[in-house]
Structures are given as structure tokens and as C-alpha cells.
Amino acid sequence: MPYRDVMNARVRSEERRAEIVGAALEVIAERGYRGASLAAVAERVGLTQQGLLHHFPTKDALLVAVLQERDRWDAVPDTRWRVDLLTSLVEYNAMRPAIIQTFSALLGESVTEGHPARGYFTERYARVRESMAGVLRAEYGDRLPNGLTPERTAPLLVAVMDGLQYQWLLDPDSVDMPGAFRDFLRLLGEPVD
């Protein structure tokens, strides 16, 4: 097979994989991971289940691809975050309800034993807490105005961000996620416009 044909086939395969991951994200957002089926994802992209299995041999492999894609969309080097920029992240998330819904559904399900995303979320939260502690340390030093260390405050910061997402998903008309997060930053002593 000529090189050009090989490259074209590779590009088509990568495009198809991206389309499948996007469909899986939608199906998981609607039904949760346990309720999502490969057949439903395949149908959404116009494939047979066997055709989908050519690209992702298992449901777990597809889940990993969805989580990796989500991380790729949100990738920001730790050194670029500051406390005041976290509000921008919350505002950005408010513009992506399907992504936040999928993430939240998977997070909720992952607390059960044997869930394929449990390890992913456990490792992710360890990294996020460490990153947030670094952000807080850069802003406040070894103690925040409330007297807590960055390491003690980081889990609270992450809990507020994720907890606001759940409340906003359940009742977006009543929960101003960015506004509530700015209020939380005021509790940390951060000046907020």
C-alpha cells in the first residue's frame, strides 16, 4: 500500500476514534458509565458494535479514551495557575455542561469497588490536591489568612469546585457557579471583582 494511502487511512481512523469518543462522552453524560452501552455509542456514530470494537476493544478502553480526551481539553501547566485564574476555570466549566455532566457521572460511579475509573480518579485527585496546594502556597506562603496550611486548604478548594458543579448541574437556574466560587475566594481573603 502506498505511503499516502497508509497516511490517509490513519487519519480516517483517528477521526473515527475522535467521533466515537465524542459519542461516548454524550452517552455517558446521559446514562452514566454503567448505563452506557457500546451498542448505544456505535449507533450514535453509525457503526455496528463490531465496528466500534475495531477501534476500542472493550468498554473500559473507551472509558479511558474519554477520560484522556477530557484531560487533554483541560491541560494547563501547573505553573500557570493562580488563585484568581481559578475563577476563569469555573466560568469555562459553566460553558461545558455536557463535559461536566460526564465527569460528574463518572466520578460518582467511580467510588464503587471495581469501577474501571476508580484508579484514574484516585490518582487525579492526588495530583489536583498537590497542584492546588502549590497554587495556594505561591499566593499565600505557608499559611493562608485563615491560619490553615495550603495542604489543609487544597482539599477544601477542590471540594468547593466539584461540589458547585454538582449543584449547578442539578439546578443551573438557581446556582451561579462562578459567583459562588468568587464568594468562596472571598472567604480565603482573596480580593474578587
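Cut-off values and rules
Residues numbered from 1 in each chain as written. Predicted model: local features only at pLDDT ≥ 70, side-chain atom pairs only at ≥ 80, totals over all residues. Heavy atoms only, no water. Helix = DSSP H or I, 4+ residues; strand = E, 2+ residues; numbered from the N terminus. Buried < 20%, exposed > 50% of the residue type's maximum accessible area, 1.4 Å probe, protein only. Contact = heavy atoms within 4.5 Å. Areas by Shrake-Rupley, 256 points an atom, 1.4 Å probe, with all protein chains shown as cover. Polar contact = N/O pair within 3.5 Å; in protein donor to acceptor, adjacent residues only side chain to side chain. Expected span 1.5 Å × (residues − 1). Phe/Tyr/Trp six-rings, centres within 6.5 Å; stacked < 30°, edge-to-face > 60°. Core = buried A, V, L, I, M, F, W, Y, C linked by side-chain atoms within 4.5 Å.

1. Looking at the overall build of the protein chain
- Each helix and strand counted, the protein chain has nine helices and zero strands in total.
- When the helices and strands of the protein chain are listed from N to C terminus, the series reads α-α-α-α-α-α-α-α-α.
- With 193 residues in all, the protein chain has 40% of them scored as buried.
- Long-range contacts, defined as pairs at least 24 residues apart, comprise 60% of the intrachain contacts of the protein chain with a sequence gap of at least 6.
- Here the protein chain displays about 10,900 Å² of accessible surface, and carbon together with sulfur accounts for 54% of that area.

2. A few points about the side chain of H115
- Take H115: it is sitting in the loop between α6 (97–110) and α7 (118–140).
- On the basis of relative accessible area, H115 is assigned to the buried category, the value being 4%.
- Among the polar contacts listed, one links the side chain of H115 to the backbone nitrogen of A117, at a separation of 3.0 Å.
- Contact partners of H115, with chain neighbours within four places excluded, come to Y33, R34, L63, L106, E109 and S110.

3. Describing α7
- An ideal rise of 1.5 Å per residue puts 33 Å on 23 residues; α7 measures up with 32 Å between its terminal C-alpha atoms.
- By the burial criterion, the buried members of α7 are Y120, F121, R124, Y125, S131, M132, A133, V135, L136 and Y140.
- Looking one or two places after α7, you find G141, whose phi comes out positive at around 85°.

4. Some words on the packing of aromatic side chains
- One pass over the structure, following the stated rule, counts three aromatic pairs.
- When the ring of F103 is compared with that of F121, the centres are 5.3 Å apart and the planes differ by 70°; the resulting orientation is edge-to-face. Placement of the pair is F103 in helix α6 and F121 in helix α7, with a sequence separation of 18 residues. Each of the two residues, F103 as well as F121, counts as buried.
- A ring pair is formed by Y120 and F121, whose centres lie 4.9 Å apart and whose planes are at 80°; its orientation type is edge-to-face.

5. A look at the environment of M132
- Along the polypeptide, M132 turns up in helix α7.
- Counting along the chain gives 24 residues from M132 to L156, while the straight-line C-alpha distance between them is 9.9 Å.
- Those residues within four positions of M132 in sequence are excluded, and the remaining contacts are L86, A154, L157 and V158.

6. Observations regarding the environment of F103
- F103 gets classed as buried once you look at its relative accessible area, which sits at 3%.
- Setting aside residues no more than four positions away along its own chain, F103 makes contact with R70, F121, R124, Y125, D162 and Q165.

7. With respect to the nonpolar core
- In terms of nonpolar packing, the biggest core is built from 52 residues, with V41, L62, F121, L136, L157 and F181 touching the most fellow members.
- Only α1 (3–35), α2 (38–44), α4 (59–74), α5 (83–94), α6, α7, α8 (150–170) and α9 (177–188) provide two or more residues apiece to this core.
- Those residues in contact with L157 that lie beyond four places of it in its chain are L86, M132, L136, F181 and F184.

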